[in-house]
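Listed below are the residues making up each chain.
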Amino acid sequence: MKKRLYTAACALVLCAAMALPASAAGGYKDVPDDAWYAQAVADVSEKGYMNGVGYDLFQPDTAVSRAGVVTALWRLEGSPTAGAASFADVEENAWYAAAVAWARESGIASGDGKGAFHPDSPVTRQELAVFLYRYAEHKQWDEAQGALELYSDAGAVSSWAKEGMSYAVGMGLIQGSGGKLTPGGSATRAQLAVILRRLTTPVMG
């Protein structure tokens, strides 16, 4: 069954660090209750799509890794079993090995074309867009394409990422800042949490 199109825009922009309040969303000391990503962090944590990093911290402004993204999507899918990851840099006992294996089998992750996945590398905004696009294709969800030419740095989007970025923009998952997409910039853990909430919440207020 195809998922309904969501038109609500999700701002994927870098956020300045904020002072910690007395209580924090989701039980994390570094997630203020009034942060733009607070509800998303609480939701994805409760559902088990993303976890904290220990010591009651979420590190919302930290760049999310490629392994972190595919692991979140794998958990969203219900943590299905899969074969070996078959990437030279993914140890079979790594915490993300099952997720990477599933992502490869599902056509969501293909690595660098040279047998490596680079699990610890920060995921760029255009890489994240491609992961999301391939996941939508895997789920056979409806898709909308956005007009990249509306952004001044549309030419900086790599050829292999144009379709994915167009999808992410068209579905409101990635929104530019200052008229730019910044495709090569890193995505943060907070931004991923917001996107996951957008993917799993039918109606946004």
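Attention in this report is confined to the structure presented alongside it. (Residues numbered from 1 in each chain as written. Predicted model: local features only at pLDDT ≥ 70, side-chain atom pairs only at ≥ 80, totals over all residues. Heavy atoms only, no water.)

With that out of the way, let us pick up the packing of aromatic side chains. Inspection of every chain in the model, using the stated rule, returns 7 aromatic pairs. An angle of 35° between the planes, with centres 5.4 Å apart, marks the rings of phenylalanine 87 and phenylalanine 117 as tilted. Taken together, the residues span a long stretch of sequence, with phenylalanine 87 in the loop between α2 (66-76) and α3 (97-105) and phenylalanine 117 in the loop between α3 and α4 (125-139) at a distance of 30 residues. The exposure class assigned to phenylalanine 87 is buried, which follows from its relative accessible area of 5%. Considering the side-chain rings of tyrosine 133 and tyrosine 167, the 5.5 Å spacing of their centres and the 50° angle between planes classify their relative orientation as tilted. Of this pair, tyrosine 133 sits in helix α4 while tyrosine 167 sits in helix α5 (residues 162-170), and the two are 34 residues apart along the sequence. You'll find tyrosine 133 and tyrosine 167 in the same group, each marked buried. Taken together, the ring pairs connect Trp102, Tyr135 and Trp141 into an aromatic cluster. Directly above the ring of phenylalanine 87 sits arginine 104, whose terminal nitrogen or CZ lies 4.1 Å from the centroid. We note arginine 189 situated over the ring of phenylalanine 58; from NZ or CZ to the ring centre the distance is 4.2 Å. (Phe/Tyr/Trp six-rings, centres within 6.5 Å; stacked < 30°, edge-to-face > 60°. Helix = DSSP H or I, 4+ residues; strand = E, 2+ residues; numbered from the N terminus. Buried < 20%, exposed > 50% of the residue type's maximum accessible area, 1.4 Å probe, protein only. Lys NZ or Arg CZ within 6 Å of the ring centre and 35° of its normal.)

The tally for this structure, following the rule as stated, stands at 3 salt bridges. The partner of arginine 197 in a salt bridge is aspartate 43, with the nearest N and O atoms 2.4 Å apart. Of the two residues, arginine 197 is situated in helix α6 (residues 189-200) and aspartate 43 in helix α1 (residues 38-47); the sequence distance between them amounts to 154 residues. On the accessibility criterion, arginine 197 (21% relative accessible area) is partly exposed. The exposure class assigned to aspartate 43 is buried, which follows from its relative accessible area of 15%. (Salt bridge = Lys/Arg side-chain N within 4 Å of Asp/Glu carboxyl O.)

Here glycine 54 shows up in the loop between α1 and α2. A C-alpha to C-alpha distance of 9.4 Å links glycine 54 and tyrosine 28, two positions 26 residues apart in sequence.

A word on the packing of α2 against α4. Running from amino to carboxyl end, α2 crosses α4 at an angle of 20°, the nearest separation of the two axes being 11 Å. Here α2 lies roughly parallel to α4, going by the angle between them. Remark: the crossing between α2 and α4 carries right-handed chirality. Between α2 and α4, the residues in contact are Arg66, Val69, Val70, Leu73 and Leu76 and Glu127, Leu128, Phe131 and Tyr135, respectively. In the contact of α2 with α4, the residues fall into 7 nonpolar, no polar and 2 charged. (Axes fitted to C-alpha atoms, helices over the stretch in contact; angles between N-to-C directions. Parallel < 35°, antiparallel > 145°, perpendicular 65-115°, else oblique. Left-handed = near helix turned anticlockwise from the far one by under 90°. Contact = heavy atoms within 4.5 Å. Nonpolar A, V, L, I, M, F, W, Y, C, P; charged D, E, K, R; others polar.)

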